[in-house]
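# Inside the fold
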Amino acid sequence: MKLTTEQVRHVATLARLSLTPEEEQRYATQLSAVLDAVAQLQELDVSSVEPTSHATLAASLLREDVTRPSLPPEKGLANAPSKIGTSFAVPKIIE
């Protein structure tokens, strides 16, 4: 699909980009190549391909989300340079 310079200008305006005429020509060529590649992908018959949530069929490497006890506040704040109750004390930076 061949993009026109006007279409590239429209996309640049939507993206709030300021392009030189040379950039408009270059991006028209590059974006046209991307759209041609997408058009080729759309021609593929994927009706027999099972939908997946990941490119590989590997099992999830993430651990189970299980509630576990955390550090007690005293131990978590043991090396804190400054604390207030059970929280870290930090200098005020916003008036």
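Residues numbered from 1 in each chain as written. Predicted model: local features only at pLDDT ≥ 70, side-chain atom pairs only at ≥ 80, totals over all residues. Heavy atoms only, no water.

## Re the overall build of the chain
Defined as follows: Only runs of H or I of at least four residues qualify as helices and only runs of E of at least two qualify as strands under DSSP, and these elements are numbered from the N terminus. Note on method: radius of gyration uses C-alpha positions; expected globular size equals 2.2 Å times residues raised to 0.38. Whether a residue is buried, partly exposed or exposed follows from its accessible area with a 1.4 Å probe, protein chains only, as a fraction of its type maximum: under 20%, in between, or over 50%, in that order. Surface exposure here means Shrake-Rupley accessible area, sampled with a 1.4 Å probe, where a residue is shielded only by the protein chains that are shown. Only four residue types enter the tally: Lys and Arg on the positive side, Asp and Glu on the negative side; His and the chain ends are excluded. A charged residue contributes its charge at one atom only: NZ of Lys, CZ of Arg, CG of Asp or CD of Glu.
Of regular secondary structure, the chain possesses three helices and two strands. A compact globule built from 95 residues would reach a C-alpha radius of gyration of about 12 Å, whereas the chain, at 27 Å, exceeds it by more than 25%. Each of the three principal axes of the chain carries a C-alpha extent, and together these read 65 × 50 × 15 Å. Here the chain holds 95 residues, and 11% of them are scored as buried. Carbon and sulfur atoms provide 59% of the accessible area of the chain, an area that totals close to 9200 Å². Where the 9 positive side-chain charges of the chain centre and where its 12 negative ones centre are 14 Å apart.

## Observations concerning the packing of aromatic side chains
Note the threshold: Aromatic rings from Phe, Tyr and Trp, with only the six-membered ring used for Trp, were paired whenever their centres fell within 6.5 Å, and each pair was classed as stacked if the ring planes differed by under 30 degrees, edge-to-face if by over 60, and tilted otherwise. Throughout this description, the term charge over a ring refers to an Arg CZ or Lys NZ atom that lies within 6 Å of the ring centre and within 35 degrees of the ring normal.
Overall, the coordinates contain zero aromatic pairs when judged by the stated rule. Over the aromatic face of tyrosine 27 sits the side chain of arginine 26, whose NZ or CZ is 5.5 Å from the ring centroid.

## Some remarks on helix H2 (residues 21-42)
Quick reminder: α-helices carry 3.6 residues per turn. Residues three or four places apart thus point the same way. Rules: Expected span, for any helix, means 1.5 Å times one less than how many residues it has. This arc is built from the directions going out from the helix axis to the C-beta atoms. In this description, contact between two residues means that some pair of their heavy atoms is separated by no more than 4.5 Å.
A rise of 1.5 Å per residue sets the reference length of H2, with its 22 residues, at 32 Å; its end C-alpha atoms lie 31 Å apart and thus fit the reference within 8%. Of all the residues in H2, the buried ones are Glu24, Ala28 and Ser32. All buried residues of H2 project into a common sector of 70 degrees when viewed along the axis, lining one side. Turned more than 90 degrees off the buried face of H2, the exposed positions are Glu22, Gln40 and Leu41. The secondary structure elements touched by the buried residues of H2 are helix H1 (5-14).

## Quick look at unusual backbone geometry
Positive phi is not limited to glycine here, since arginine 16 has a value of about 55 degrees. By the secondary structure assignment, arginine 16 is in the loop between H1 and H2. Judged by its relative accessible area of 80%, arginine 16 falls in the exposed class.

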